[in-house]
Amino acid sequence: MALPACAARALGPPLQPEREAPARTTCPRRHSRVEAELAASRPGSVAASVRAGPPRGVSRGFNSQPLLDEPLKASSSLAGAARAPLFALLARGRRRRMHDLRRRWDLGSLCRALLTRGLAALGHSLKHVLGAIFSKIFGPLASVGNMDEKSNKLLLALVMLFLFAVIVLQYVCPGTECQLLRLQAFSSPMPDPYRSEDESSARFVPRYNFSRGDLLRKVDFDIKGDDLIVFLHIQKTGGTTFGRHLVRNIQLEQPCECRVGQKKCTCHRPGKRETWLFSRFSTGWSCGLHADWTELTSCVPAVVDSKRDARLRPSRNFHYITILRDPVSRYLSEWRHVQRGATWKASLHVCDGRPPTSEELPSCYTGDDWSGCPLKEFMDCPYNLANNRQVRMLSDLTLVGCYNLSVMPEKQRNKVLLESAKSNLKHMAFFGLTEFQRKTQYLFEKTFNMNFISPFTQYNTTRASSVEINEEIQKRIEGLNFLDMELYSYAKDLFLQRYQFMRQKEHQEARRKRQEQRKFLKGRFLQTHFQSQSQGQSQNPSQNPSQTPNLNASQNVTQNLIPNLIQNLTQSSGQNPSPKENWESQKQSPGQEQSDGSTSNGTHDYIGSVEKWR
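Worth saying up front: this structure is predicted, and the values here are computed from it rather than measured.

A. Broad picture of a nonpolar patch on the surface. Residues L156, V159, M160, F162, L163 and V166 make up a contiguous nonpolar surface patch of about 570 Å² in total accessible area. Here V159 lies in helix α5 (residues 147-172). The exposure class assigned to V159 is partly exposed, which follows from its relative accessible area of 40%.

B. Spatial organisation of the packing of helix α10 (residues 327-339) against helix α15 (residues 471-480). Where α10 meets α15, the axes come as close as 10 Å, and the angle between the chain directions of the two elements is 95°. What the angle tells us is that α10 and α15 run roughly perpendicular. Together, V328, Y331 and L332 of α10 and Q474, I477, E478 and L480 of α15 make up the contact between the two elements. Residue composition of the contact of α10 with α15, by class: five nonpolar, one polar and one charged.

C. Inspection of the pairing of strand β5 (residues 318-324) at higher detail. Most of β5 sits inside the fold, with six of its seven residues counted as buried. Inspection of the sheet shows β5 paired to strand β6 (residues 430-433) by four bridges, in the parallel sense. Within β6, the residue paired with T322 across the bridge is F431.

D. Examining the environment of L483 more closely. By secondary structure assignment, the location of L483 is in helix α16 (residues 482-538). Residue classification places L483 among the buried positions, given a relative accessible area of 5%. When the C-alpha atoms of L483 and V391 are compared, they prove to be 6.6 Å apart, with 92 residues separating the residues in sequence. Residues contacting L483, with those up to four places away along its chain left out, are N388, V391, N414 and L418.

E. Quick peek at unusual backbone geometry. Phi is positive for D352, which is not a glycine, with a value near 60°. Its place among the elements puts D352 in the loop between α10 and α11 (375-380). Relative accessible area serves as the criterion here: at 66%, D352 is assigned to the exposed category. A positive phi is found at C402, a non-glycine position, where the angle reads about 60°. Residue placement: C402 occurs in the loop between α12 (389-394) and α13 (410-427).

F. Spotlight on the nonpolar core. Membership of the largest hydrophobic core comes to 69 residues, with the highest contact counts inside it found for F242, W276, L296, I321, L394, F444 and F448. Setting aside chain neighbours within four positions, we find F242 in contact with F231, I321, I323, F430, T440, F444 and F456. Core analysis: the second largest hydrophobic core is formed by 17 residues, L289, V328, Y331 and M379 among them.

G. Region of the structure containing the sheet that holds β5. Read from one edge to the other, the open sheet built from four strands follows the order β4-β1-β5-β6, with strand pairing classed as parallel. Both edges of this open sheet fall to β4 (277-278) and β6, since each of them pairs with a single strand only.

H. Representation of the packing of aromatic side chains within the structure. In this structure the tally under the stated criterion is 20 aromatic pairs. Ring geometry for F231 and F242: centres 5.5 Å apart, planes at 55°, overall tilted. With F231 in strand β1 (residues 228-232) and F242 in helix α8 (residues 239-248), this residue pair connects regions lying eleven residues apart in the sequence. According to the relative accessible area criterion, F242 is buried, its value standing at 4%. Relative to F495, the ring of F436 has its centre 6.0 Å away and its plane inclined at 35°; by these criteria the two rings are tilted. Placement of the pair is F436 in the loop between β6 and α14 (437-448) and F495 in helix α16, with a sequence separation of 59 residues.

I. Representation of the state of the cysteines in the model. The full count for this structure, using the stated rule, is five disulfides. Bridging C258 to C265, the disulfide has an S-S length of 2.1 Å. The S-S bond linking C258 to C265 shows a torsion near 115°; that makes this disulfide right-handed. Residue pairing for C364: its cysteine sulfur links by disulfide to C381, the two sulfurs lying 1.8 Å apart. Across the disulfide from C364 to C381, rotation about the S-S bond amounts to roughly -80°, and the bridge is consequently left-handed. Pair noted here: C364 is in the loop between α10 and α11 and C381 is in the loop between α11 and α12, with a separation of 17 residues, a long-range link. On the basis of relative accessible area, C364 is assigned to the partly exposed category, the value being 22%. By sequence-ordered numbering of the bonded cysteines, the protein chain has its disulfides arranged as 1-4, 2-3, 5-6, 7-10, 8-9. The structure places no disulfide on C373, whose sulfur is separated from the nearest cysteine sulfur, that of C364, by 9.2 Å.

J. Geometry of α14. Across its twelve residues, α14 extends 17 Å between first and last C-alpha, which sits within 8% of the 16 Å expected from 1.5 Å per residue. Judged by how many residues are buried, α14 sits mostly within the fold: ten of twelve residues are covered. Trailing α14 by a residue or two, N449 shows a phi angle of about 55°, which is positive.

K. View of the pairing of β1. Of all five residues that make up β1, five are buried, and the element is covered over most of its length. Covered by surrounding structure in β1 are L228, V230 and L232 together with I229 and F231, the residues of both alternating faces. Two strands pair when backbone bridges link them, and β1 and β5 are joined in this way by five bridges, in the parallel orientation. By the bridge assignment, I229 is partnered in β5 with H319. By the bridge criterion, two bridges tie β1 to β4 in an arrangement that is parallel. Looking at β4, one finds that I229 is bridged to L277.

L. The pattern of salt bridges, seen in detail. Per the counting criterion, the structure on display carries 14 salt bridges. The shortest N-O distance in the salt bridge between R354 and E360 comes to 3.1 Å.

Parameters and conventions
- For every chain, the first residue of the written sequence is number 1, and numbering continues from 1 along that sequence.
- Confidence filtering applies because this is a predicted model: local features only for residues at pLDDT of at least 70, side-chain atom pairs given and counted only at 80 or more, and all residues used for totals across whole chains, interfaces and linings.
- Where side-chain values are given, they derive from all heavy atoms of the structure, hydrogens and water being excluded.
- Residues enter patches when their relative accessible area tops 30% and they take part in no salt bridge; the joining distance is 9 Å for like charges and 5 Å for the nonpolar side chains Val, Leu, Ile, Met, Phe, Trp and Tyr.
- Shrake-Rupley sampling with a 1.4 Å probe provides the accessible areas, and residues are treated as covered by the protein chains on show and by no other component.
- Any Lys or Arg side-chain nitrogen located within 4 Å of an Asp or Glu carboxyl oxygen qualifies as a salt bridge.
- To qualify as a helix, a DSSP run of H or I must reach at least 4 residues; to qualify as a strand, a run of E must reach at least 2; elements of each kind are numbered from the N terminus.
- Using a 1.4 Å probe on the protein chains alone, a residue whose accessible area is under 20% of its type maximum counts as buried, one over 50% counts as exposed, and one in between counts as partly exposed.
- Helix axes use the C-alpha atoms of the stretch in contact, all axes being lines fitted to C-alpha atoms, and the angles between their N-to-C directions lie in the range 0 to 180 degrees.
- The cut-offs work like this: below 35 degrees is roughly parallel, past 145 is roughly antiparallel, 65 to 115 is roughly perpendicular, and the gaps in between are oblique.
- For this analysis, residues touch if any pair of their heavy atoms sits within 4.5 Å.
- All residues other than Ala, Val, Leu, Ile, Met, Phe, Trp, Tyr, Cys, Pro, Asp, Glu, Lys and Arg, Gly among them, are scored as polar; the first ten of these are nonpolar and the last four charged.
- At least two DSSP bridges between two strands are required for those strands to pair.
- Note on terminology: a nonpolar core comprises buried Ala, Val, Leu, Ile, Met, Phe, Trp, Tyr and Cys residues joined through side-chain atoms within 4.5 Å.
- Two rings from Phe, Tyr or Trp (for Trp, the six-membered ring) form a pair when their centres sit within 6.5 Å of each other. Planes less than 30 degrees apart are called stacked, planes more than 60 degrees apart edge-to-face, and all others tilted.
- Note on terminology: disulfide denotes any pair of cysteine sulfur atoms within 2.5 Å.
- Residue count minus one, scaled by 1.5 Å, sets the expected span of a helix.

Here's what the structure looks like:
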C-alpha cells in the first residue's frame, strides 16, 4: 500500500542499508559484538565513541540501520552512551589499568575452570580405580545378576554393620577398660604377662636373695582412717607423670578435686577435710622443692599435725613411695633440663635441722642459672648434685654428717650411703621403675588395693634417648653415678622378683579356687546321685526276696558314704567360705534344706548347685 506524497516527504527518504555493512542473515545477538567493532572502526560514526547497539524501541531487523535525521542520531548516541562500559568513559591511563585488571580476572577464571576440570577428572579416575578394586574383591560374590550393583549393596551392608557394632560397643563399654574396644584383642593373642615392656623376657636369674616378707608387699591402707601416703619425688624419674596418676587416675569413693589451670588438687578422705596423700599435686612442696628422705621423715609429721596438740595427734602410718630410673638416662635428662634453665634453687637440703653452708655445698655456676652448659662442663663439676642423686635422696644423710665431707673418708661414706638407700628402698611401702610402667601400676594396685582408671603408658622415646653419646661418655657417666648404678641394679632385681611373686601368688589363688569349685561340684553331684538312687529303689518294692539283702547292703553303704562326703565337703569349703555362701546358709534353715533335697531330683539339684556356686 503506497503512502501519500505529503507523508513520504514528512518522513524523509526511505530506509536504505548502510554502505559496507553486511546484511544480517543470522541471529542478531551472536554478531552484535562484531558489528560494534566494525562500527567503531569507521570514522565519524556514532559507535566510534560508544560501542552499543541501536536505542531501545528501534527494530534490529534485516534492513535496520540508524536513521539519517539529526534528532534520531542524537537520541541514538545518548541511549548508547547510557549502556556503554565504564572504562569507555574514563581517561586513557585509567582505561589501560582497567583493561589489565579485566585480563587478570579472565586469567583467574581460566585457572579456576582448569582446577575444577582437573578435580573432576581426578574424581572420575578415582571412581574407576575404586570400581576396579571392588570388582576384584567382590567379583566372586557377584556371579549372578549385575556385578557392580551386588558388590555395592554388599559393601554398604558391611559398612552399616560395622557402624552399628561400633555404636553398640560404645554404648555397652563406654570406658577405656573394655577389652572388646582394643584392636589388639582381634589381631593378636593375649600378651604374656611375664613379658616386660622392652620385649625382653622377665624370667631373669635373680642376683639377690630376698625373704618372703621382702617380696610380699601388702599394705593395709585405710583411706578413711589416719594413714598417709608420702611420695618422694626424685628429679627426672617420671615422678610428675606418676604424681598425676595419683590424683587424677585412681578409683576412689571421693575422688580428688582438680580444677582447670591449677596444679594442686584437693584429695580429702571420705567424710573428712583431711588429705590422704602428701605429694606435689596434693599438698605442694610443703617440705621444700624435691625434698629427700632425710627431709621428709622429719618434716611430714610436723606439717600434717602442726595444728593439733602433741597429745592429740593420732598414731599415723606413713607409707613412703618413690620412682627410680636408669641412672644414665636420668643423668642425661637432668642435663637437658638444666640446659633449659632449671636450677632447683628452692630446694632446702635441710639435714639435722639446718641447711648446708656454701662451703659444704658450693655452686657449679656463677650466674642466675646454668642454661646452655655443654655436657662436658656438666660432668666436670665436682659439686654437681646430679651425681648419684638417687642414692643421696633415698639415704639417711644424718649417718654421714649430712653434707660435711670431712666427717669420714669418702670410701666409707659411699658405703654407708648405699646401704642406707638399699635398706630404705626395701622397707618402703612401694617403689616403681620408669622403664616398667605396667608392672609399676600392677604392683601399686596389689600393694594398696587401689585400682587405676586407665592403664599406664610406656614412653620409649624421651629427651634423654634423643641424646647421642659415644661409649666413652657413657662409661664416664656410669663412673660418676656408680652408686646409682648399683642401687638401680638392686632395685630392678627386687622389683622384678616382687612382680613374679605376686603373679605366681595370683595364679596359685586362682588355681586353688578352681580346684575347690570342681571338688564342691563333684561332691554335690555324688550326693544328689546317691539320693536319687535311694529314692528310686524305695519307690519300687516289687523285687525278689533274694535281692533284698543286697538292697539293704547297698542302702547301708549309701547311708555311710553320704555323711562322709558331706563331712569332707564341709571341711574343704569351711576353710575359705565366701560371704555369699555364708549369707545363704544363714538365710535358709536346715529343715528347708532337707525338704528341698528330698523333693527335688538329681538333675535339678545339680543345676541349682552350679547356679549357687556362681
